[in-house]
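One-letter residues, chain by chain:
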Amino acid sequence: MGMLGKLFYFKSNGNFKRSKKWEQELNKCIRCGYCYELCPLFKSNNWESDTPRGKLLLIYGMITGEIKPTQEIVEKIFQCFYCKNCSDNCSAGVPITDILTDARADLIEAGFEVEGTIVKIDEDLCSVCGICVPLCKYEALSIDEKDEDNKKIVVDKVECRGCGLCVAACPAGAITQKEGCEVTLPELHEKVKEFIKEDGKKLVVFACNWSMFPGMQLSESPTLVKTPYGIIVSMCSGRVAPELVLNAFDEGAWGVMVAGCPPEECDHDGNYKTRRRLVLLKNVLKELNIDPKRIRLEWFSTGESAKLERTIDDFVKELEKMGPIKKMNVSKVIGG
Amino acid sequence: MKIDIEKLKEIVGENNVSDDIADLYVYGSDASVHHALPTAVVRPKTIEEVQKIMRYANANKIPVVPRGAGSGTSGHTVPIDGGIILDMKQMNRILDIRPEDMLVKVEPGVVDDDLNRALKPLGLFYPPAPASSRIATIGGEIAANASGVRSVKYGATRDYVYGMKVVLANGDLVNLGSNTRVHSSGYQLERLIVGSEGTLGVVVEATMGIRPLPKYRCLAVANFDKLQGAGNAISDIISSGCEPSMLELMDKIGIIAVNKAMDLGLKEVGAIILFEADGNVKEAVDFEIEKMKKICKKHNGKDIKKSYDLAERTKLFSGRKKLFASLSQYKEGIICTDLADDMGVPNSKIAETAEKIHEIAKKNNVIMAVYGHCGSGVIHTKIMLDPKKKSQWKDAEHVIEELYDYIDSVGGVTSAEHGIGLSKAPAWKKARPDMIPVMRKVKQALDPNNILNPHKIMDAPDDWVKATNLRYKVG
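Bear in mind the structure is a predicted one, so any value in this text is a computation, not a measurement.

A count of helices and strands for chain A gives 14 helices and 8 strands. Considering chain A as a whole, with its 336 residues, one finds that 57% of them fall into the buried category. Contacts in chain A between residues far apart in sequence, at least 24 positions, make up 72% of those at least 6 positions apart.

What tends to happen in soluble globular proteins is that the nonpolar side chains get buried as a cluster. Counting residues in hydrophobic clusters, the biggest one holds 158 residues, and the most contacted among them are Ile-77 of chain A together with Ile-383 of chain B. Per element, the largest residue contribution to this core is 8 residues, and it comes from helix H14 (residues 390-409) of chain B. Residues within four places of Ile-383 of chain B in sequence aside, it is in contact with Ile-335, Cys-336, Thr-337, Leu-339, Ala-340, Val-366, Ile-367, Met-368, Ala-396, Val-399 and Ile-400 of chain B.

Residue placement: Lys-322 of chain B occurs in the loop between helix H11 (310-321) and helix H12 (323-326). With relative accessibility at 16%, the residue Lys-322 of chain B sits in the buried group. Setting aside residues up to four positions removed in sequence, Lys-322 of chain B forms contacts with Asn-89 and Ser-91 of chain A together with Arg-134 and Met-262 of chain B. Of the polar contacts made by the side chain of Lys-322 of chain B, one reaches the side chain of Asn-89 of chain A; its length is 3.4 Å.

Residues and elements named next belong to chain B. For strand E6 (residues 94-98) and strand E7 (residues 103-106), the ladder comprises 4 bridges, and the chain directions are antiparallel. Bridge assignment links Ile-94 to a residue of E7, and that residue is Val-106. Linkage of E6 to E7, two consecutive antiparallel strands, is achieved through a turn of 4 residues, within which Met-102 is found at a positive phi near 55°.

What follows covers the sheet that holds E7 of chain B. Within a beta sheet, neighbouring strands are joined by backbone hydrogen bonds and run either parallel or antiparallel to one another. All names here are of chain B. Pairing within the open sheet is antiparallel, and its 5 strands lie in the order E6-E7-E11-E9-E10. Bordering the open sheet on either side are E6 and strand E10 (173-177), each of which pairs with just one other strand. Strand-to-strand, the axes of this sheet are offset by a mean angle of 10°, without reference to chain direction. Where strand E9 (residues 161-167) lies against E10, 5 bridges are found, and the strand directions are antiparallel. Residue Met-164 lies in a different strand from E10, and its bridge partner there is Leu-176. Set on the sheet, helix H4 (residues 112-119) makes contact with E6 and E7; between it and E6 the angle comes to about 40°.

On to helix H3 (residues 47-60) of chain B, then. Count 3.6 residues to each turn of an α-helix, and residues three or four apart come out pointing the same way. Residue and element names in this part refer to chain B. For H3, which comprises 14 residues, the first-to-last C-alpha distance of 20 Å matches the rise-based estimate of 20 Å (1.5 Å per residue) to within 8%. Burial in H3 covers these residues: Ile-47, Glu-49, Val-50, Gln-51, Ile-53, Met-54, Tyr-56, Ala-57 and Asn-58. One or two steps after H3, the chain reaches Lys-61, where phi turns positive at roughly 55°.

All names here are of chain A. Parsing chain A into structural domains produces domain 1 (3-109), domain 2 (120-176) and domain 3 (185-322). Spacing between the C-alpha centres of domain 2 and domain 3 amounts to 27 Å. Summed over both sides, the interface between domain 2 and domain 3 buries roughly 890 Å², with carbon and sulfur atoms accounting for 61% of that surface. In this assembly, domain 2 and domain 3 are joined by 0 salt bridges. Of all the elements, helix H9 (residues 165-169) adds the most residues to the side of domain 2 that touches domain 3, at 3 residues. In terms of residue class, the side of domain 2 that touches domain 3 is built from 6 nonpolar, 2 polar and 1 charged.

Applying the stated criterion across every chain, the model contains 7 aromatic pairs over all chains. Taking the centre distance of 4.6 Å and the plane angle of 55° together, the rings of Tyr-36 of chain A and Phe-42 of chain A count as tilted. Here Tyr-36 of chain A and Phe-42 of chain A have matching classes, each one buried. Measuring from centroid to centroid gives 6.4 Å for Tyr-216 of chain B and Tyr-308 of chain B, while their planes differ by 90°, and the two rings are edge-to-face. Taken together, the positions of Tyr-216 of chain B in strand E13 (residues 216-224) and Tyr-308 of chain B in the loop between strand E16 (302-307) and H11 put the pair 92 residues apart, joining distant regions of the chain. The structure contains a cluster of three or more aromatic residues connected by ring pairs, namely Trp-393, Trp-464 and Tyr-472 of chain B. Of note, Arg-217 of chain B hangs over the ring of Phe-125 of chain B, and the distance from its end group to the ring centre comes to 5.2 Å. Over the ring of Tyr-308 of chain B we find Lys-282 of chain B, and its NZ or CZ is 4.6 Å from the ring centre.

The next thing to look at is the interface of chain B and chain A. The parts lose accessible area when they come together, and the size of an interface is often stated as this lost area. Listed per partner, the contact involves 54 residues of chain B and 42 residues of chain A. Here chain B meets chain A over a buried area of about 4,200 Å², counting both sides, of which 56% is carbon and sulfur. The largest share of the area that chain B buries against chain A comes from Tyr-25, Arg-117 and Arg-134 of chain B, three residues that together contribute 17% of it. Summed over the shared surface of chain B and chain A, the result is 2 salt bridges. Arg-134 of chain B serves as the salt-bridge partner of Glu-37 of chain A, at 3.5 Å between the closest nitrogen and oxygen.

Our focus in this paragraph is helix H12 (residues 242-251) of chain A. Residues and elements named next belong to chain A. Buried within H12 we find Leu-244, Val-245, Ala-248 and Phe-249. Looking straight down H12, one finds that the buried residues subtend no more than 140° of arc, so they occupy a single side. Here the buried face of H12 lies against helix H10 (185-197), strand E5 (203-207), strand E7 (255-260), helix H13 (270-287) and strand E8 (295-299). At the exit of H12 stands Gly-252, carrying a positive phi of roughly 120°.

Residues and elements named next belong to chain B. Pairing within the open sheet is mixed, and its 4 strands lie in the order E1-E3-E5-E4. Among the strands making up the open sheet, the edge pair consists of strand E1 (17-18) and strand E4 (64-67). Pairing of E4 with strand E5 (residues 84-87) involves 4 bridges; the strand directions are parallel. From the neighbouring strand, Val-64 faces E5, where its bridge partner is Ile-84.

Turning next to unusual backbone geometry. A positive phi is found at Lys-84 of chain A, a non-glycine position, where the angle reads about 65°. One can find Lys-84 of chain A in the loop between helix H5 (71-77) and helix H6 (85-88). Even without being glycine, His-455 of chain B reaches a positive phi, approximately 55°. Here His-455 of chain B shows up in the loop between helix H16 (435-446) and strand E21 (469-470).

So, on to the packing of H10 of chain A against H12 of chain A. Residues and elements named next belong to chain A. Look at H10 against H12: their axes get within 10 Å of each other, and the N-to-C directions meet at 25°. Classed by the angle they form, the pair H10 and H12 counts as roughly parallel. With respect to the hand of their crossing, H10 and H12 are arranged in right-handed fashion. The segment H10 lies against H12, with Leu-185, Leu-188, His-189, Val-192, Lys-193 and Ile-196 engaging Glu-243, Leu-244, Asn-247, Ala-248 and Glu-251. The residue makeup of the contact of H10 with H12, split by class, is 6 nonpolar, 2 polar and 3 charged.

Criteria and cut-off values
- Residue positions are given per chain, counted from 1 along the sequence in the order it is written.
- Going through the entries in the order they are written, you letter the chains from A and number the ligands from 1.
- Local features in this predicted model are restricted to residues of pLDDT 70 or higher, and side-chain atom pairs are both shown and tallied only at a pLDDT of 80 or more, whereas totals for entire chains, interfaces and linings draw on every residue.
- To get the side-chain values, take all heavy atoms of the structure and skip hydrogens and water.
- Helix and strand definitions follow DSSP, with helices as H or I runs of at least four residues and strands as E runs of at least two, each counted in order from the N terminus.
- In this scheme, a residue with accessible area under 20% of its type's maximum is buried, one over 50% is exposed, and one in between is partly exposed, where area comes from a 1.4 Å probe on protein chains only.
- Working rule for contacts: check all heavy atoms of both residues, and any pair within 4.5 Å makes them a contact.
- We define a nonpolar core as any set of buried Ala, Val, Leu, Ile, Met, Phe, Trp, Tyr and Cys residues linked to one another through side-chain atoms lying within 4.5 Å.
- In protein, a polar contact means a hydrogen-donor-capable atom and an acceptor-capable atom, both N or O and within 3.5 Å, with residues adjacent in sequence counting only if both atoms are side-chain atoms; elsewhere, any N or O pair within 3.5 Å suffices.
- Strand pairing is assigned whenever DSSP identifies at least 2 bridges connecting the two strands.
- The axes used here are C-alpha line fits, helices contributing only the stretch in contact, and every angle between their N-to-C directions lies in the interval 0 to 180 degrees.
- Here, expected helix span is obtained from the residue count minus one, scaled by 1.5 Å.
- Segment limits for the domains were obtained from an automatic or database-derived domain assignment.
- Buried area, as used here, totals the accessible surface that two parts lose on assembly, with accessibility defined by a 1.4 Å probe and the loss added over both.
- In the sections that follow, a salt bridge refers to a side-chain nitrogen of Lys or Arg positioned within 4 Å of a carboxyl oxygen of Asp or Glu.
- Residue type decides the class: Asp, Glu, Lys and Arg count as charged, Ala, Val, Leu, Ile, Met, Phe, Trp, Tyr, Cys and Pro as nonpolar, and the leftover types, Gly among them, as polar.
- To pair, rings of Phe, Tyr and Trp, with the six-membered ring standing in for Trp, must have centres within 6.5 Å; the planes then decide the type, stacked if under 30 degrees apart, edge-to-face if over 60, and tilted in the middle.
- Charge-over-ring placement is defined geometrically: NZ (Lys) or CZ (Arg) within 6 Å of the ring centre, and within 35 degrees of the ring normal.
- Each C-beta atom gives one direction from the helix axis, and the arc is the one those directions make.
- Throughout this description, any angle smaller than 35 degrees is read as roughly parallel, any larger than 145 degrees as roughly antiparallel, any in the 65 to 115 degree range as roughly perpendicular, and the remainder as oblique.
- Note on convention: near helix rotated counterclockwise from far helix by under a right angle means a left-handed crossing. Clockwise means right-handed.

Next up, the structure:
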């Protein structure tokens, strides 16, 4: 086979040298489905192919040669936030995210271009300031200095966990993620709008997926049970950008709570950034004549659903005493 | 098979139809050993959409397989003839909670635990909860007549079905049953749909009974050196007129597996029994627990612990809750397959059946754990084997033949709560030949073109291994 032939073969089939070692582990998956109960990707898209067990099946199909990798399959494999709710809940002991990482490496090596939940850099907007580089705990971002006159930020697509910390931190707004997984700022803003439209919703809670999502399963009420709050899974609390909070007030929220992992427990060190960001934001609120007590940052460890419920109840009571924010008609600046 | 994808998109919208291999491949599988590709996946959101899809499929004789969480163990939703997978998870609204009538109205995609989360603040619950309640949908539970750990006191799904709306194969919508716990108004067709595994109609709304949450629950655990002692204790508890709200068995293989998977530190004895009593009067709950403790002691049960505390009870029960998946961790090189998974036997045969399972497994070079809701006669097991070896699938075939012959000989049933699907069909057909022509007549009357989940239960192939591709790479 010539070089071109090899390349073609590689792209159409891949050799899956890393993934193949997991065949026995993949056989262990009994497809009980407990992995997807807590999967944020499945919650937003609701296709079986978005479930962790679905992705494992696709990988199994590719390594056993039953199916060939297609662009659609590859996109599915690259959609994951690595919250590990799936592997933590897998009593068959399948190391789901490790398998996924190896499959990603194989597919990148096979030449696939992919978006998934990976961040992308708009080079026209990026000034290569480098703020994002040390921010990424997974070292997925680096500065490519090969061309002295044309430095750029590059993304390691295998290592990027899609946490979005860099998206919230980029001063130029040059880092984005594909829409469709309900984590981009416009999508989160849209969710806030939907919540506030509902009768009686006063409080918007941005909940970290890592610490709070599993606990939330125990406390979040589905349809029919009306609550004065709405919980939005924003992935890491570090990606709750200030404009998201201000938008919530602008849409009519009486208060905003950001629920993150306690210090030292955050997988991404995003909670420290949130803390600093919210201190600054409270000062901005004062300028806008909004009581800074309308924003709360609270820490929760995994499974602290009772604490979450208590804290939300307390905050709702306090907000009910404060009442709604009075809108200032002329300048559209919020006040109250 | 030719399916007009554009036509389906017109019905449910662009984003709710897929014929991409990424979707077809994963929807071709459930928790069973089977795999077969559908031609399209469709996700309806309304009753009208389901009706339109059925009208189109019926006119063109396209198979339609309704699907809930895809947690079925016997290949119920594996599309053996291709066709349309009807993913019902989008129809997941709780439509009405009526405490004054002690009922709920739900769409079929509502997840069991979600329903119970909504009911809990009202002091109510929906009892049939299978172990998979965290993902299992009400529609799927109706299709399989699911039951669970509390079935010993509260019964199975069929005991909670008051009424339902069903879309028939020709697209017609029928309203079955009532809003009352009992009715005597014509054929109990809503009960016919229960356990029909998607072969008679598509459930699009269900009216289900609910119960008040008991004020007290007390869970106890007893260790037994021998499996036989544990089995006899269970039979004795039931026949002595005790009223457990849970009575579960877990053998040594199960204990070792959950210890490995969850580091629970359980004593690796011959077997464990978990028994629970519930009620609104603490003395009465205590009375039941003490009565059951005495019986356990009579059968050499020891290290008996009990607790009313929710956290403690959750911990005691956690191993049982995750046992099924944990079995894949029992021994390196072998994995857990969903075969011979839910026999039902008369109460007096629990111990004998449990021992027989171990005996058959040993004879045929596989490992089988014995566990389950034995208080209601449900014995769970799984065949644990090396899926890559062809010979192990032969071993599994022998196990299944021997085991189900035995179950039939003691007056048991092939499936107590998971359904027949594909993998249990040969054994069930052998045991109940008299039912087959009657069931075919019912099927023919409701689905003359045989489009709803065809070739399942009575029409499934006689060789389960060759019924579809196995989802494991063998050889």
